[in-house]
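# Report on the structure
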Number of protein chains: 2
Amino acid sequence: MSADSSFPASESSGPSAQAVTDLLGALAYGSLVAFDRMAADARLAPDLNRRAALSTMAGAEIANYRRLSERIGDLGADPAEAMGPFVAALDDFHEATAPRDWLEGLVKAYVGDGIADDFYREIANFLDEGDRALVLEVLHDSAYTDFAVREIRAAIEADPKLANRLALWARRLVGEALTQAQRVAAERDALTDLVVTGSGDLAGIGTLFRRLTQAHADRMETVGLSN
Amino acid sequence: MSADSSFPASESSGPSAQAVTDLLGALAYGSLVAFDRMAADARLAPDLNRRAALSTMAGAEIANYRRLSERIGDLGADPAEAMGPFVAALDDFHEATAPRDWLEGLVKAYVGDGIADDFYREIANFLDEGDRALVLEVLHDSAYTDFAVREIRAAIEADPKLANRLALWARRLVGEALTQAQRVAAERDALTDLVVTGSGDLAGIGTLFRRLTQAHADRMETVGLSN
């Protein structure tokens, strides 16, 4: 990390163009690869209606991708180039967390969408008007979350033994996500500066992570999984 | 086929509910499986922007799926049940036509979208107002077609030897599609009746197929492939 804890947020004249391109590139590739993985995970569904539900969640990701890549183009950058630096970290995350069955796929979509949305809301505050509006627009539809919640709760109700395995799985998802987030933070100085500056300082980052962690814990409780 | 050539189109009081559910079920599963296959084929793309372009085409399929399945629900049927009779034929089509590379994937999307749209436009005429409007709404965006045309033409221009292989590939796609269409026609009497009645008689069906074939030939010529 290139930023130090005394980086003065108040003196900042808005995020650098590189930081914004980085951020949008990371979000864009995140959406593109989430699309790809959810589309594949939908094949694990036990029936056509459930398969269609996860496919629809995947479709929302590619719609978000389009908005993000258009904005990258508007900023004069090439989407593929903007996404490039984040391909390895995001691919590795998904390689390490390929679901073995339908429920693992659903928990992954639920946990992933939830953390992504919380993170988007936090960083939206660090951005200028136009980018902030865009980032808040690509939040996930709560209808998908509701579907995932219903499915996971019903499965655990029908077979309480599942709770342990799925809770472990959720912890592994978060662990892998943190590993890859640290890798990105170490490699992309401008983006890291944006988050550190936006949070105020490194203590602010700590607070941000505690908020994300608490929200994740709340979501786990909602579906009957202890964190 | 249960319909005979003397089936009186003029005495028909609109398509049967079973025929409409069948039709929407076939279109819905067609969209769902096209989504799934295009999403997978996008991985064959040589770069991220092209991958995103085919992924976006896949996203349009799932958007269409949603409209179709909502209409099926409005008609009081279950989407999964309505799609059920068409799963084997459509899965077998895609199993038999898995692209080996990016260009085969693109040609498949181009040929498939084109024939599907022509077929949708034809059968839209056989339907009542509401269903007709829906079927005409789920036509594919010409922006995607334009992308496919540009890509295929550029590839053939750069390497004219490709034309032969891709033309063969397109013929195989059409052959497999006809095989599965015949299978569906033999199995689903109500749907077959709808198409025969709508076309007027079996001679009308012949004319319809000639129109579809000619439009396909024109599309092949557009991208520099002889039919």
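Preceding this section is the structure that the text describes.
The present account deals with the structure reproduced in this document. (Residues numbered from 1 in each chain as written. Chains lettered and ligands numbered in written order. Predicted model: local features only at pLDDT ≥ 70, side-chain atom pairs only at ≥ 80, totals over all residues. Heavy atoms only, no water.)

Moving on, we come to the overall build of chain A. In terms of regular secondary structure, chain A is built from nine helices and zero strands. In chain A, the succession of α and β elements from N to C terminus is α-α-α-α-α-α-α-α-α. Against the compact-globule benchmark of 17 Å for 227 residues, chain A has a radius of gyration of 18 Å, which places it among compact chains. In terms of overall dimensions, chain A has a C-alpha envelope of 55 × 35 × 25 Å along the principal axes. A buried classification covers 51% of the 227 residues belonging to chain A. Once local pairs closer than 6 in sequence are excluded, the contacts in chain A between residues at least 24 apart make up 82%. Summed over all atoms, the accessible surface of chain A reaches about 10100 Å², with 52% contributed by carbon and sulfur. Across chain A, the centroid of the 22 positively charged side chains sits 7 Å from that of the 36 negatively charged ones. (Helix = DSSP H or I, 4+ residues; strand = E, 2+ residues; numbered from the N terminus. Rg over C-alpha atoms; globule rule 2.2 N^0.38 Å. Buried < 20%, exposed > 50% of the residue type's maximum accessible area, 1.4 Å probe, protein only. Contact = heavy atoms within 4.5 Å. Areas by Shrake-Rupley, 256 points an atom, 1.4 Å probe, with all protein chains shown as cover. Lys, Arg positive; Asp, Glu negative; His and termini not counted. Charge placed at Lys NZ, Arg CZ, Asp CG, Glu CD.)

A separate point is the side chain of Arg219(B). Relative to the assigned elements, Arg219(B) resides in helix H10 (residues 202-222). Leave out the neighbours within four places in its chain, and Arg219(B) touches Tyr110(B), Gly114(B), Ile115(B) and Asp118(B).

What follows covers the pattern of salt bridges. Tallying each qualifying case throughout the model produces 36 salt bridges over all chains. For the salt bridge of Arg211(A) with Glu122(A), the shortest nitrogen-to-oxygen distance reads 2.7 Å. Of the two residues, Arg211(A) sits in helix H9 (residues 202-222) while Glu122(A) sits in helix H4 (residues 102-124), which places them 89 residues apart along the sequence. We classify Arg211(A) as partly exposed; its relative accessible area is 43%. Of the charged contacts, one joins Arg50(B) and Glu151(B) as a salt bridge, the two residues approaching to 2.7 Å between their closest N and O atoms. Of this pair, Arg50(B) sits in helix H2 (residues 48-74) while Glu151(B) sits in helix H7 (residues 142-158); the two residues are 101 residues apart in sequence, bridging distant segments of the chain. Of the residues examined, Arg50(B) reaches a relative accessible area of 29% and is grouped as partly exposed. Glu151(B) sits in the buried class, given a relative accessible area of 15%. Residues joined by salt bridges that share partners form a network here, namely Asp36(A), Arg37(A), Glu95(A) and Arg43(B). (Salt bridge = Lys/Arg side-chain N within 4 Å of Asp/Glu carboxyl O.)

Our focus in this paragraph is the relation of the copies chain B and chain A. Two copies of a chain can be linked by a rotation about an axis combined with a shift along that same axis. Here chain B sits on chain A after a turn of 180° about the axis and a move of 0.0 Å along it, with an RMSD of 0.0 Å. The two molecules are tied by a two-fold rotation axis, judged by turn and shift. Relative to the rotation axis, the C-alpha of Gly59(B) is the closest in chain B, positioned 2.4 Å from it. An overlap of 100% is found between the interface residues of chain B and their copies at the interface of chain A, pointing to a shared contact surface. (Least-squares fit on C-alpha atoms with pLDDT ≥ 70 in both.)

This paragraph deals with the environment of Asp117(B). Residues and elements named next belong to chain B. Secondary-structure assignment places Asp 117 in helix H5 (residues 102-124). Along the primary structure Asp 117 and Ala 170 are separated by 53 residues, whereas in three dimensions their C-alpha atoms are 16 Å apart. With residues near it in sequence (within four places) discarded, Asp 117 still touches Leu 139 and His 140.

What follows covers the environment of Val196(A). Within the secondary structure, Val196(A) sits in helix H8 (residues 189-199). C-alpha of Val196(A) to C-alpha of Leu166(A): the two residues are 30 residues apart in sequence and 33 Å apart in space.

To continue, consider helix H2 (residues 48-74) of chain A. In an α-helix, one full turn covers 3.6 residues, which means residues spaced three or four apart are oriented alike. Residue and element names in this part refer to chain A. For H2, spanning 27 residues, the distance from its first C-alpha to its last is 39 Å, which sits close to the expected 39 Å at 1.5 Å a residue. Two to three positions downstream of the cap, the backbone nitrogen of Asn 49 sits 3.2 Å from a side-chain oxygen, assigning the N-cap of H2 to Asp 47. Backbone geometry just after H2 places Gly 76 at a positive phi near 85°. (Expected span 1.5 Å × (residues − 1). Polar contact = N/O pair within 3.5 Å; in protein donor to acceptor, adjacent residues only side chain to side chain.)

For the rest of this paragraph, the subject is H5(B). For H5(B), spanning 23 residues, the distance from its first C-alpha to its last is 32 Å, which sits close to the expected 33 Å at 1.5 Å a residue. Where H5(B) begins, the side chain of Asp101(B) points an oxygen toward the backbone nitrogen of Leu103(B), at a separation of 3.3 Å.

Take the interface of chain B and chain A next. The interface of chain B with chain A comprises 27 residues on the first partner and 27 residues on the second. Each partner contributes to the roughly 2100 Å² buried at the junction of chain B and chain A, and carbon and sulfur atoms together form 57% of this total. In this structure, the connection of chain B to chain A is made through two salt bridges. Notably, a salt bridge pairs Asp36(A) with Arg43(B), separated by 2.5 Å at the nearest N-O pair. Counting across the chain B and chain A interface gives ten residue pairs in polar contact (both at pLDDT 80 or more). Of all the secondary-structure elements, those providing two or more residues to the side of chain B that touches chain A are helix H1 (17-41), H2 and helix H3 (79-83) of chain B. Counting residues per element, the side of chain B that touches chain A draws most heavily on H2(B), at eleven residues. (Buried area = accessible area lost by both parts, 1.4 Å probe.)

We now examine the environment of Ala63(A). Positionally, Ala63(A) belongs in helix H2. With 28 residues separating them in the primary sequence, Ala63(A) and Phe35(A) have C-alpha atoms 9.3 Å apart.

All we've got here are geometric facts, nothing functional implied.
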